[in-house]
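Next come the chains, spelled out residue by residue.
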Amino acid sequence: MKHLLGIEPLTAGEITALVDHALELKTQRSRGSITTELKGETWAMIFTKSSTRTRVSFEVGLTELGARPLFLNANDIQLGRGEPIKDTARVLGRMVHGAIIRTYAQQDVVDFAEYGKIPTINALTDEEHPCQILADLLTIRERLGGWEGKKVVFFGDGDCNMGRSWAWAAKRLGFELVIAAPKAFQPDDAFMARLGEAPVTLTEDVEAAATGADVLYTDTWVSMGREAEAEERLKILKPFQIHGGLVKLANPGAIVQHCLPAYRDKEICGTLFEERADEIFQQAENRLHAQKAILIALARER
Ligand code: CP
Ligand code: NVA
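What you see is a predicted model, and the numbers here were worked out from it, not measured in a lab. (Residues numbered from 1 in each chain as written. Chains lettered and ligands numbered in written order. Predicted model: local features only at pLDDT ≥ 70, side-chain atom pairs only at ≥ 80, totals over all residues. Heavy atoms only, no water.)

### So, the site of ligand 1
Link 1 in the chain: All residues in the neighbourhood of ligand 1 are listed as Ser51, Thr52, Arg53, Thr54, Arg102, His129, Gln132, Cys259, Leu260 and Arg287.
Link 2 in the chain: The side chain of His129 places a nitrogen or oxygen atom 2.8 Å from an oxygen atom of ligand 1.
Link 3 in the chain: The protein chains hide 95% of the 250 Å² of surface that ligand 1 would expose on its own.
Link 4 in the chain: One can see that ligand 1 is located within the largest pocket.
Link 5 in the chain: Residues belonging to the shell around ligand 1 are distributed by class as follows: 2 nonpolar, 5 polar and 3 charged. (Near = heavy atom within 4 Å. Polar contact = N/O pair within 3.5 Å; in protein donor to acceptor, adjacent residues only side chain to side chain. Areas by Shrake-Rupley, 256 points an atom, 1.4 Å probe, with all protein chains shown as cover. 1 Å grid on protein atoms, 1.4 Å probe; cavity = no way out; pocket = protein on both sides within 12 Å on 5 of 7 lines; lining within 4 Å. Sits in = over half its atoms within 2 Å of the grid points. Nonpolar A, V, L, I, M, F, W, Y, C, P; charged D, E, K, R; others polar.)

### Concerning the packing of aromatic side chains
Link 1 in the chain: With the rule as written, the count across this model stands at 6 aromatic pairs.
Link 2 in the chain: Summarising the aromatic geometry, the rings of Trp166 and Phe175 are spaced 5.9 Å apart at their centres and angled 80 degrees between planes, so their arrangement reads as edge-to-face. Taken as a pair, Trp166 and Phe175 share a single burial class, namely buried.
Link 3 in the chain: Each ring, one from Trp168 and one from Phe191, has its centre 5.8 Å from the other, and the planes form 80 degrees; the classification is edge-to-face. Residue Trp168 is located in helix α6 (residues 161-173), and its partner Phe191 is located in helix α7 (residues 189-195); the two are separated by 23 residues in the primary sequence.
Link 4 in the chain: What makes Phe191 buried here is its relative accessible area of 4%.
Link 5 in the chain: Chaining the aromatic ring pairs together yields one cluster made of Phe154, Trp166, Phe175 and Tyr217.
Link 6 in the chain: Positioned above the aromatic ring of Tyr104 is the side chain of Lys49, whose terminal nitrogen or guanidinium carbon lies 4.5 Å from the ring centre.
Link 7 in the chain: The residue whose ring lies beneath Arg55 is Phe71, and the NZ or CZ to ring-centre distance is 3.5 Å. (Phe/Tyr/Trp six-rings, centres within 6.5 Å; stacked < 30°, edge-to-face > 60°. Buried < 20%, exposed > 50% of the residue type's maximum accessible area, 1.4 Å probe, protein only. Helix = DSSP H or I, 4+ residues; strand = E, 2+ residues; numbered from the N terminus. Lys NZ or Arg CZ within 6 Å of the ring centre and 35° of its normal.)

### Observations regarding the site of ligand 2
Link 1 in the chain: Lining the immediate environment of ligand 2, one finds Leu124, His129, Cys160, Asn161, Asp219, Thr220, Ser223, Met224 and Leu260.
Link 2 in the chain: Within the side chain of Ser223, an N or O atom sits 2.7 Å from a nitrogen atom of ligand 2.
Link 3 in the chain: Residue Met224 places a main-chain N or O atom 2.8 Å away from an oxygen atom belonging to ligand 2.
Link 4 in the chain: Protein coverage of the free-state accessible area of ligand 2, which is 270 Å², stands at 95%.

### Notes on helix α5 (residues 130-144)
Link 1 in the chain: In this model, α5 (15 residues) spans 20 Å end to end at C-alpha, consistent with the 21 Å of a helix rising 1.5 Å per residue.
Link 2 in the chain: Counting buried positions along α5 gives 12 out of 15 residues, so the element sits mostly inside the fold.
Link 3 in the chain: Pro130, Cys131, Gln132, Ile133, Leu134, Ala135, Asp136, Leu137, Leu138, Thr139, Ile140 and Arg141 are the residues of α5 that are buried.
Link 4 in the chain: At the C-terminal side of α5, Gly145 shows a positive phi close to 85 degrees. (Expected span 1.5 Å × (residues − 1).)

### Let's talk about the pattern of salt bridges
Link 1 in the chain: Under the definition given, this model contains 20 salt bridges.
Link 2 in the chain: Notably, a salt bridge pairs Arg29 with Glu64, separated by 2.7 Å at the nearest N-O pair. Taken together, the residues Arg29 in helix α1 (residues 12-30) and Glu64 in helix α2 (residues 53-64) connect sequence positions 35 residues apart.
Link 3 in the chain: Salt-bridge contacts for Arg233 lead to Asp157; the nearest nitrogen and oxygen are separated by 2.9 Å. Of this pair, Arg233 sits in helix α9 (residues 230-237) while Asp157 sits in the loop between β5 (151-155) and α6, and the two are 76 residues apart along the sequence. You'll find Arg233 and Asp157 in the same group, each marked buried.
Link 4 in the chain: One network of salt bridges, with partners in common, ties together Glu8, Glu127, Asp159, Arg164 and Arg194. (Salt bridge = Lys/Arg side-chain N within 4 Å of Asp/Glu carboxyl O.)

### Section: the nonpolar core
Link 1 in the chain: Ranked by size, the top nonpolar core spans 59 residues in total, and within it Ile100, Ile121, Trp166, Phe175 and Leu177 carry the most contacts.
Link 2 in the chain: Ignoring any residue separated from it by four or fewer positions in sequence, one finds Phe175 in contact with Leu137, Trp147, Lys150, Val152, Trp166, Ala169, Ala170 and Pro199. (Core = buried A, V, L, I, M, F, W, Y, C linked by side-chain atoms within 4.5 Å. Contact = heavy atoms within 4.5 Å.)

Right, dumping it as structure tokens:
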């Protein structure tokens, strides 16, 4: 694995190895033992969208590993004034050891990896959010013992980066994924054709979806870049909120997950969010451990 551009390009073995290593790093850290395997390195972090969790977990993770995070707001570098991504990549590729990119187009991350010739991590594009999925799989392993035979249900905007990354995870790992979303917010035919045979079903029936679920997952209804559609989205997606009534239909021990940031009483009932805060913020913490595993894996392959 030379880059982490999405869940799509990964094999089941690669995903499992990353989650295993993340768990090991988390356990070691809790005992005060922290590896500094990336000592002396500098990793650029190019962000064209807002971030709390991804930015902080990468900055802390890199620092703990002995590397220097170089945060670059896209508006502060020439990229924001129109310098092509491939030129930015060719400059940074000669100076830094790796790059972490949050942006809109998946192609920009692919181009950066090709032209920069340094390990490149997708820190969220409109297409995928692989770092989040790896942290979520770690949480599922910790809380439920593993994803084998589990039913994960994604409620809400199923056609966003999170919905698509979940679909690739289900295909690669073989667990059941149900995407409960209005027709207009289900992954489109072109995506489903590319996904091919996979244990993924699409439905508009939230109750049938919640029945027997082990993981009830949601994400904002208004992803970054979709703000102009907010009013319409909030209206159409309203029946797809996760609330206590749906949790009652799930399996005993089912967990509620949210990649955050959360908008209370929109995609998730505010009361349920607070009741399940422990498992949701465990998921947020796991970003740190999962990403350290990613950084180490890419540094070792370089
Ligand atoms: N879940 C997530 O990626 O959060 P941020 O947008 O705060 O990084
Ligand atoms: N789908 C959301 C994820 C935020 C972490 C977005 O793209 O804004």
